[in-house]
Amino acid sequence: MSDEYHRPDAKTVSELKDMANKLRIDSIKATDASNSGHPTSCSSAAEIMSVLFFHTMKYKVSYPRCPSNDRFVLSKGHAAPILYAVWAEAGLFSVDDLLNLRKITSDLEGHPTPRLNFVDVGTGSLGQGLSIAAGMAYTGKYFDKASYRTYCLVGDGESAEGSIWEAMAFASFYKLDNLVAIFDINRLGQSDPTPLQHDMETYRKRVEAFGWNACVVDGHNVESLCKAFHQAANMKNKPTCILAKTLKGKYIPGVEDLDNWHGKPMAKQSEPALKALNALLSHPEPYSLNIKAPDAEVPENDISNIKLSEPPSYEMGQQVATRLAYGTALAKIGKNNKHVVAMDGDTKNSTFSKTFQTAFPDRFIECYIAEQNLVGVGIGCACRNRTVPFISTFACFLSRAFDQIRMGAISQTNANFCGSHAGISIGEDGPSQMALEDIAMFRSVPGSTVFYPSDAVSCERAVELAANKKGICFIRTSRPNTPVIYKNDEDLQIGLAKIIRQSSSDKVTVIGACVTLVEALKAADKLAEEGVNICVIDPFTIKPIDGKTIYDAACKTDGKIITVEDHYPQGGLGEAVSSCLSKYSNITIKHLAVNEVPRSGKCAELMEKYGISANCIVKAVHQMLSQ
């Protein structure tokens, strides 16, 4: 792109001003029709949106998710009406449809979701958009090596979120000069003014301290905005943050820059507001504003039918940690498909995502210790099917990013997560490092799949299956070595459990996973010496849980089931089993789980102390049989 700035002519400037006011009018009418929404938050961003969509960005209106298009993320998702208005004014759908805002029959929801073909991710939980935009920009610069650019509109209120600054640090470190953040600094939050209000110099210093090119502008001056976006496009090796000084409710009489107008339709103020805004329009329609086409065509990516490049190659009984198998499998699917990417939060030598990094350094992103940004970047990388991301860290640290994960489900993302070092079996590191809530967390996410592989073979297959599964996938891996129990060609499928041990005289069905499956098999050996046989089941996936296999096995053991898990009882394996069998009256279930905050110790000591060891399983079987 040329460094020379060509100032837009007077007609273009006038029409961009008109478009901004038309967007205000559309936003007011839409929120009036729904009797809810945020018209004042839309009004502060009107010139920004007008210049972005009708002067700066390059995209195909007829194909909003075209891989070649520039990207836009509305991080301040409550300003959704103005985003809808932009696309209606661009011609994607009728402006009259804006009056269906927030109706149950309409996809024009209160905050943007990918139900709309011009929205990549759901926003509305504040502070998340910039991380996602950074993932999109990283993908554009380093994976696609394409010319498309990414723009993210951030509210000044949400800039108090730490995740914004995690994204700022990430973007500058990786020199994402194809990323532009626009801070809409309208001074007012929901219940109070924002901390900095219009202290633009402090904003500038903060942004520059994070390694960004900062540009302070009057956010209602279309000429200044045009110039700022041009300069951003020519900035090399730095992302740009346009700090736009704006007024909430701009040009709305009796509302502009006044508190207590957040999230309220105009109501009685609507008529004078529309009259004032219409009076500002200076050009008759149609406008001559031209939307620019993308510079170059970016191909669609084939991310289907991803396979392990070669099957697992272990020996039965071989001691291998599932976390190690995760890294091995990741490298294998990376070899099979060039669009598989991985990222980690400075734990790659523990999660073994480092195996992938060694094999494919150009497809690995080190996100450092910033888990909210780690998840956001992964979701951004997944947008428009550009990549198949695998996001890893200790499972306990993913809880820090639960809001990003739940928003990922709203965003219909296909991101895959691996949480290692789960449970008390990690040993001496103690409870702060022990994920004991992670299964519950991921089970609660709508549309999610939760894998809990018990050996190296099943872990490799879990990675392969997750790569092809729509929605959020979580793979729980463990620190200790566990024996290989499956043949290398074992057929493992989502929602199908495996019966590991069974006889014609089983008394109780015991269900465990990974370290507790090992303990269940030890318990089975001890009980067999006493003449008591038990059925042992590996669920493989906790969600969906294989209720049929479990019920059929339970029917052969007089309805007696014991679940044993390295997890708190709430939301884990035991509750998954109980839930799927709740419709049956002939079932008795005993849960063995970690029932209190644990402490440091050796793995075996902890499993004994907290009731999930082989000895504890043996005791539970005897108790159940004596009742």
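Naming follows an unreviewed UniProt entry, where the protein appears as transketolase of Acanthosepion pharaonis. Here the protein is described in UniProt, under the heading Sequence similarities (unreviewed entry), as follows: "Belongs to the transketolase family." Its UniProt record gives the protein a comment under Subunit (unreviewed entry), which states: "Homodimer."

Novice: Explain the packing of helix α18 (residues 515-529) against helix α22 (residues 614-626) residue by residue, including any values.
Specialist: Put simply, α18 and α22 touch, their axes get as near as 8 Å, and they point 60 degrees apart. Between α18 and α22, the crossing angle belongs to the class labelled oblique. As α18 runs across α22, the sense of the crossing is right-handed. Residues Thr516, Glu519, Ala520, Lys522, Ala523, Lys526 and Leu527 of α18 pack against Ala614, Asn615, Ile617, Val618, Val621 and His622 of α22. Classifying every residue of the contact of α18 with α22 gives seven nonpolar, three polar and three charged.

Novice: Before we move on, could you go through the packing of helix α3 (residues 46-56) against helix α8 (residues 222-233) and cite the residues and values that matter?
Specialist: α8 packs onto α3 with a crossing angle of 55 degrees between their chain directions and a minimal axis gap of 10 Å. By the criterion of interaxial angle, the relationship of α3 to α8 is oblique. The two elements α3 and α8 cross, and the hand of that crossing is right-handed. Counted together, Glu47, Ile48, Val51, Leu52, His55 and Thr56 of α3 and Val222, Leu225, Cys226 and Phe229 of α8 form the full contact between these two elements. The class makeup of the residues in the contact of α3 with α8 is seven nonpolar, two polar and one charged.

Novice: Tell me about the pairing of strand β10 (residues 416-420), and please be specific about residues and values.
Specialist: A large share of β10 lies buried, amounting to five of its five residues. Here β10 shows a buried face lined by Asn416, Cys418 and Ser420 and a second buried face lined by Phe417 and Gly419. Here strand β9 (residues 388-394) runs beside β10; their pairing, made up of five bridges, is parallel. Note that in β10 the partner of Ile391 across the bridge is Phe417. As paired strands, β10 and strand β12 (residues 473-476) are joined by four bridges and run parallel to one another. Considered in β12, the bridge of Cys418 is made with Ile475.

Novice: Summarise the sheet that holds β12; cite the residues concerned and give the values.
Specialist: One open sheet holds the seven strands; their spatial order is β8-β7-β9-β10-β12-β11-β17, and the pairing between them is mixed. Single-partner strands in this sheet number two, and they are β8 (364-366) and β17 (541-543). When strand polarity is set aside, the average angle formed by the axes of neighbouring strands in this sheet is 20 degrees. For strand β11 (residues 449-451) and β12, the ladder comprises three bridges, and the chain directions are parallel. Across the sheet, Thr449 pairs through a bridge with Cys473, a residue of β12. Across the sheet, helix α10 (residues 322-336) lies against β7 (340-344), β9 and β10, angled at about 165 degrees from β9, the strand it touches most.

Novice: Residues and numbers for the nonpolar core, please.
Specialist: The biggest cluster of nonpolar side chains holds 109 residues, and the ones touching the most others in it are Phe183, Ile365 and Phe417. Here the element with the most residues in this core is helix α5 (residues 129-143); it accounts for eight residues. Residue contacts for Phe183: discarding those within four places in its chain leaves Val154, Ser159, Ile164, Trp165, Tyr203, Cys241, Ile242, Leu243 and Ala244. Residues Leu83, Val86, Phe118 and Ala244 belong to the second largest nonpolar core, which totals 53 residues.

Novice: Tell me what's going on with unusual backbone geometry, and back it up with residues and numbers.
Specialist: The linkage connecting Lys543 with the following residue, Pro544, adopts the cis geometry, with an omega of 0 degrees. One non-glycine residue, Asn237, lies in positive phi territory at about 70 degrees. In this structure, Asn237 sits in the loop between α8 and β5 (240-245). Despite not being glycine, Arg384 shows a phi value in the positive range, around 55 degrees. Mapped onto the elements of the fold, Arg384 is located in the loop between α13 (371-382) and β9. Residue classification places Arg384 among the buried positions, given a relative accessible area of 13%.

Novice: Requested: an account of α22, with residues and values cited.
Specialist: Here α22 spans 18 Å end to end across 13 residues, near enough to the 18 Å set by a 1.5 Å rise per residue. Ala614, Cys616, Ile617, Val618, Ala620, Val621 and Met624 are the residues of α22 that are buried. Looking at the packing, one finds that the buried side of α22 touches β15 (506-511), α18, β16 (533-538), β18 (560-564), β19 (588-592) and α21 (603-609).

Novice: Quick one: what's the story with the sheet that holds strand β2 (residues 150-155), residue by residue and with numbers?
Specialist: As summarised here, the arrangement of the five strands in space is β1-β2-β3-β5-β4, forming an open sheet in which the pairing is parallel. Lying at the two open borders of the sheet, with one neighbouring strand each, are β1 (71-74) and β4 (213-218). Strand-to-strand twist in this sheet, taken as the mean axis angle between neighbours without regard to direction, amounts to 20 degrees. Pairing of β1 with β2 involves four bridges; the strand directions are parallel. The residue bridging Val73 from the neighbouring strand is Cys152, located in β2. Along the sheet, α5 contacts β1, β2 and β3 (179-185); its crossing angle with β2, the most-contacted strand, is approximately 170 degrees. Contacts between α8 and the sheet are confined to β2, β3, β4 and β5, with β4 contributing the most and set at about 170 degrees to the helix.

Calculation criteria
- Residue numbering note: each chain is counted from 1, following its sequence as written.
- Given that this is a predicted model, residues contribute local features only at a pLDDT of at least 70 and side-chain atom pairs are listed and counted only at 80 or more, while totals for whole chains, interfaces and linings are drawn from all residues.
- Computation of side-chain values: all heavy atoms of the structure, hydrogens and water removed.
- UniProt positions are given in the numbering used here, feature names are shortened, and annotations may be inferred rather than shown by experiment.
- Only C-alpha atoms enter the line fits that serve as axes; for helices the fit covers just the stretch in contact. Angles between N-to-C directions range over 0 to 180 degrees.
- Elements are defined by DSSP. Helices are runs of H or I of four residues or more, strands are runs of E of two residues or more, and each kind is numbered from the N terminus.
- Angle categories are assigned with fixed cut-offs, so that under 35 degrees is roughly parallel, over 145 is roughly antiparallel, 65 to 115 is roughly perpendicular, and the rest are oblique.
- Handedness of a helix crossing follows the sense of rotation of the near helix relative to the far helix, less than a right angle counterclockwise being left-handed and clockwise being right-handed.
- Throughout, a residue-residue contact means that at least one pair of heavy atoms, one from each residue, lies within 4.5 Å.
- Residues are sorted three ways: Asp, Glu, Lys and Arg are charged, Ala, Val, Leu, Ile, Met, Phe, Trp, Tyr, Cys and Pro are nonpolar, and all the rest, Gly among them, are polar.
- The buried label applies to any residue whose accessible area, calculated with a 1.4 Å probe on protein chains only, is under 20% of its type's maximum; exposed applies above 50%, and partly exposed to all values in between.
- Following DSSP output, two strands are said to pair if at least two bridges run between them.
- What is meant by a nonpolar core is a set of buried Ala, Val, Leu, Ile, Met, Phe, Trp, Tyr and Cys residues, joined one to another through side-chain atoms within 4.5 Å.
- The span one expects for a helix is its residue count, reduced by one, times 1.5 Å.

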